[in-house]
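# Geometric and topological summary
If you want the building blocks of each chain, they are given just below.
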Amino acid sequence: YPAPDLTLTNLDGNSVSLSDYIGSVVLVNNWATWCPPCKAEMPTLQAYFTTHSTQGFTLLAIEAGDPLPEVIEFVESYQLTFPILTDPDNLA
């Protein structure tokens, strides 16, 4: 079955939908800034994204509703380059 279409906001305030990536391999990762396992997996996810993004792979990282300044600080500290989407209403 196809994944349900989600539309959330990226860190620049733009809407991003899962359907924007039809034809790509997409990993949807739900995470939070306070989550120890999430912190531990981020370097691995970033490395995989860096290696495979030119081959039609993307990673959509859906943050679980923490305040935007905390999310931005987290993203910068981990030097994440894949799309980060915010989910303040916990839709995902």
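As a starting point, this report considers the structure included with it. (Residues numbered from 1 in each chain as written. Predicted model: local features only at pLDDT ≥ 70, side-chain atom pairs only at ≥ 80, totals over all residues. Heavy atoms only, no water.)

## Quick word on the side chain of Thr 58
With respect to the secondary-structure elements, Thr 58 resides in strand S4 (residues 57-63). Judged by relative accessible area, which is 8%, Thr 58 ranks as buried. (Helix = DSSP H or I, 4+ residues; strand = E, 2+ residues; numbered from the N terminus. Buried < 20%, exposed > 50% of the residue type's maximum accessible area, 1.4 Å probe, protein only.)

## Thoughts on empty space enclosed by the protein
Summed over the entire model, instances satisfying the criterion amount to one cavity of 30 Å³ or more. The computed volume of the largest cavity comes to approximately 40 Å³. Taken together, Leu 6, Leu 8, Val 16, Ser 17, Leu 18, Val 28, Leu 60, Ile 62 and Leu 85 make up the full set of residues lining the largest cavity. Secondary structure elements with two or more residues in the lining of the largest cavity: strand S2 (15-17) and S4. Along the lines of polarity and charge, the residues of the lining of the largest cavity split into eight nonpolar, one polar and no charged. (1 Å grid on protein atoms, 1.4 Å probe; cavity = no way out; pocket = protein on both sides within 12 Å on 5 of 7 lines; lining within 4 Å. Points joined across faces, edges and corners; volume = space filled by probe spheres on them. Nonpolar A, V, L, I, M, F, W, Y, C, P; charged D, E, K, R; others polar.)

## Considerations on the packing of aromatic side chains
Within this structure, the stated rule accounts for four aromatic pairs. Plain terms: the ring middles of Phe 49 and Phe 82 are 5.8 Å apart, the flat faces sit at 75 degrees to each other, and that makes the pair edge-to-face. Taken together, the residues span a long stretch of sequence, with Phe 49 in helix H1 (residues 36-52) and Phe 82 in the loop between helix H2 (68-78) and strand S5 (84-86) at a distance of 33 residues. Here Phe 49 falls in the buried class, since its relative accessible area comes to 11%. (Phe/Tyr/Trp six-rings, centres within 6.5 Å; stacked < 30°, edge-to-face > 60°.)

## Quick look at the nonpolar core
Most often, soluble globular proteins have nonpolar side chains that are buried together. Of all hydrophobic cores here, the largest spans 16 residues; its most connected members are Trp 31, Met 42, Leu 59, Leu 80, Phe 82 and Ile 84. Those elements that place two or more of their residues in this core are H1, S4 and H2. Looking at which element gives the most residues to this core, the answer is H1, with four residues. Contacts of Trp 31, omitting those with residues within four sequence positions, involve Cys 38, Met 42, Ala 61, Ile 62, Glu 63, Ala 64, Val 71, Phe 74, Val 75 and Ile 84. Residues Leu 8, Leu 18, Leu 60 and Leu 85 belong to the second largest nonpolar core, which totals six residues. (Core = buried A, V, L, I, M, F, W, Y, C linked by side-chain atoms within 4.5 Å. Contact = heavy atoms within 4.5 Å.)

## Focus on the pairing of strand S1 (residues 7-10)
Side chains on a regular strand alternate between the two faces of the sheet. Strand direction decides the pairing type here: S1 and S2, joined by three bridges, are antiparallel. The residue bridging Leu 8 from the neighbouring strand is Val 16, located in S2. Between S1 and S2, which pair antiparallel and follow one another directly, the connecting turn spans four residues, one of which, Gly 13, has a positive phi of 85 degrees. With two bridges connecting them, S1 and S5 associate as antiparallel partners. (Pairing = 2+ DSSP bridges.)

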